[in-house]
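# Tertiary structure, described
The chain contents come next:
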Amino acid sequence: MSSGSASKATSLIPSPIRALAFPVTLLGCGLIVTALLPFLGNRDLAYAVFRAREAEREPDQATLEAIREELDLPTTPIGGVADWFGKALRGDFGVSWVNPARPAAVEALSGFGVSATIASLSTLTAVVIATALVLPRLRSVITAKPSKTSHIIAMAVLGSLPEFVLAVTLLVVFSLHLGWFPVTGFSSVKHMVLPVLSLAIPAAGLMGRILLITVDHVAQEEWVRAWRLNKVTPRQLGLALLQRSMAILLPQIVLFFAGTLAATVLIETTFAIPGMGSAAVKAALSRDIPVLQVIVFTALIVGLVSGSLAQFLRGKLLKPLLSSDTAYSSQSFAPTHKPKGGWAMIAVLLPFAVLIVLWFVLPPPMVDSSQRLIPPSAEHIFGTDQLGRDLASRLAAGAVFSLGTAVAVTAVCAVIGLFLGLAGKWVYKLGDALNALPAVLIGVILAGVLGASQLTAAIAVMCVGWIPLAAHCATVVEEVRTTGYYRWAELQGASYSRLLWVHTMPTLLPAVTRHAASRIAHNALALVSLGFLGLGAAHESPNWGVVLSESIRYAERAPWMMFIPTVLLVLLGIASALVTDTNLSLKRNR
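Summarised in this report is the structure supplied together with it. Small disclaimer: the values here were computed from a predicted structure and weren't measured. (Residues numbered from 1 in each chain as written. Predicted model: local features only at pLDDT ≥ 70, side-chain atom pairs only at ≥ 80, totals over all residues. Heavy atoms only, no water.)

What follows covers the overall build of the protein. Of the regular secondary structure elements, the protein holds 24 helices and zero strands. For the protein, with 590 residues in total, the buried portion stands at 50%. The long-range fraction of contacts in the protein, counting pairs at least 24 apart against all pairs at least 6 apart in sequence, stands at 77%. (Helix = DSSP H or I, 4+ residues; strand = E, 2+ residues; numbered from the N terminus. Buried < 20%, exposed > 50% of the residue type's maximum accessible area, 1.4 Å probe, protein only. Contact = heavy atoms within 4.5 Å.)

Dropping the structure here:
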């Protein structure tokens, strides 16, 4: 069949069917992977069930046979998939392997309402904080003057704060010392405040950066310059800019809610909240696969619904804007309101250079019980930990271990994103749907199936880390293909390889490389979070997540154990923000 016939045949398919084809296909693939979870570890299912119930003793054959008969376990992956689908269609997701008296769905979803409440309140709070943070940049756009880096740094600091560190800090200060809020649980309005703030404050930093980029993009549209020339009042221009930016941000807010719903695991673990996230961690640590299957199924449904809603809102809100050829077209010159960030970047990266030097100079950290929890001094510049190990030596080794893994993971994500982004804009739909499966949740699931390790954590981050890079790549490719030089080369009969390597890659590679550099901090934070949960690096590892996890028990007695690695993560986040949101040139404006 010719391409013309194929396109004609495709056009005969009703648009609702074409619109549903992608989410239905994605849901089907996701459900197949979910049904295969028990078989991914290449283990005897009966033995896996026994190990979920009994951590110490070894089973005999009679015990394993009894488990097979009790749960009617399938013997092959194909049979397992067919059996799971057959039961799922009837609403039967099996029973918990750890507690066979309770259905897996009840075990997994009993806290769904709690998690949804936390996610909703956190998202709304984050929107308010993010809008306040972007006001200085909005003012600079209105006045057409360069802004300062203070609001960028503020967003970077908030977005780089590990949620679990912020949660513990708020817990120690406002619950233990001041007694203003309860320590654990989720049964009243007071119980909600600290968990919501622990999620909302870092999310506000990330959402603020998205709004900042949106404002920068909107500021280049022709109507902004026209309004300035026509002496429109600053208040009217500011409200129009904010309204126009919010039209782009609203679909992102829906996706933020979906991502936050799946990322409540860290906060629920810290505050002992009985939500879906804490159920996921409990199931992962005990290898309770049926409960994990229900959680994955729920996250897929939430992701598809949120992704479809975001696509709908994007189409409805942006259709009037995109239908105009002039009012919303971008100006050809670069924005002038971006502040200088070159010297700030050098200052931020200096501590990491010092850590690399310390890694070469200092001896490996050694256990010394006589040096336990010594505060920073001339002998131990960062103090010591609970086993008497020099914290500077440990954090220096952890910098190579944690940041090296984050850089390697980001490089792999960039390569994957580059190739898939060149394939087309379908990655937007895939990214919207998978937004409800953040790296932390995927890490929890993989740890339950494959076991906890640094490799498992790295795979979890790679599973979703390529999506924003691929989406960015697809956007840049579309923009390049609309340029005059690309169209001229196309009309002259240039081959695909020439169009790719001569006219596309010189624009695409720098853009994707810069974006990938800004993702290192995000990926490092995800790896650290999994290490904090005990689902990443081993306990004796210098991984910063492990260090932070150990520091929680000594937050009052030895606060430097938590403070120093947190500051390093914040500095990494500031570097990420400076890469994307400032002009890194060291030259002064003349």
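Past the structure itself, the notes keep going.
Summed over the entire model, instances satisfying the criterion amount to seven salt bridges. Between K282 and E107 there is a salt bridge; the shortest N-O distance is 3.9 Å. One end of the pair, K282, is in helix α14 (residues 276–286); the other, E107, is in helix α6 (residues 104–109), with 175 residues separating them in the sequence. Take K282: its relative accessible area is 55%, and that puts it in the exposed class. For R389, the salt bridge identified is with D385, shortest N-O distance 2.8 Å. Like D385, R389 is buried. Connected through shared salt-bridge partners, D385, R389, R394 and E550 make up one network. (Salt bridge = Lys/Arg side-chain N within 4 Å of Asp/Glu carboxyl O.)

Moving on: helix α5 (residues 77–88). For α5, with twelve residues, the first-to-last C-alpha span of 16 Å sits near the 16 Å given by 1.5 Å per residue. Taken together, the buried positions of α5 are occupied by G80, V81 and W84. When α5 is viewed along its axis, its buried side chains cluster within an angular range of 100° and face the same direction. Looking at α5, the residues exposed on the side facing more than 90 degrees away from the buried face are I78 and A82. (Expected span 1.5 Å × (residues − 1). Arc of directions from axis to C-beta.)

Going through the model one piece at a time under the given rule, you end up with five aromatic pairs. Consider the rings of F93 and F297, whose centres lie 5.4 Å apart with planes at 45°: the pair is tilted. Of the two residues, F93 sits in the loop between α5 and α6 while F297 sits in helix α15 (residues 289–322), which places them 204 residues apart along the sequence. With a relative accessible area of 16%, F93 lands in the buried category. When the centroid spacing of 5.0 Å and the interplanar angle of 65° are considered together, the rings of W359 and F360 count as edge-to-face. Three or more aromatic residues link up through ring pairs in this structure, and these residues are W84, F85, F93 and F297. (Phe/Tyr/Trp six-rings, centres within 6.5 Å; stacked < 30°, edge-to-face > 60°.)

On to the side chain of T504, then. Mapped onto the elements, T504 comes out in helix α22 (residues 496–532). The buried category is assigned to T504, whose relative accessible area is 4%. Residues in contact with T504, not counting those within four places in the same chain, are V477, V480, Y486 and L499.

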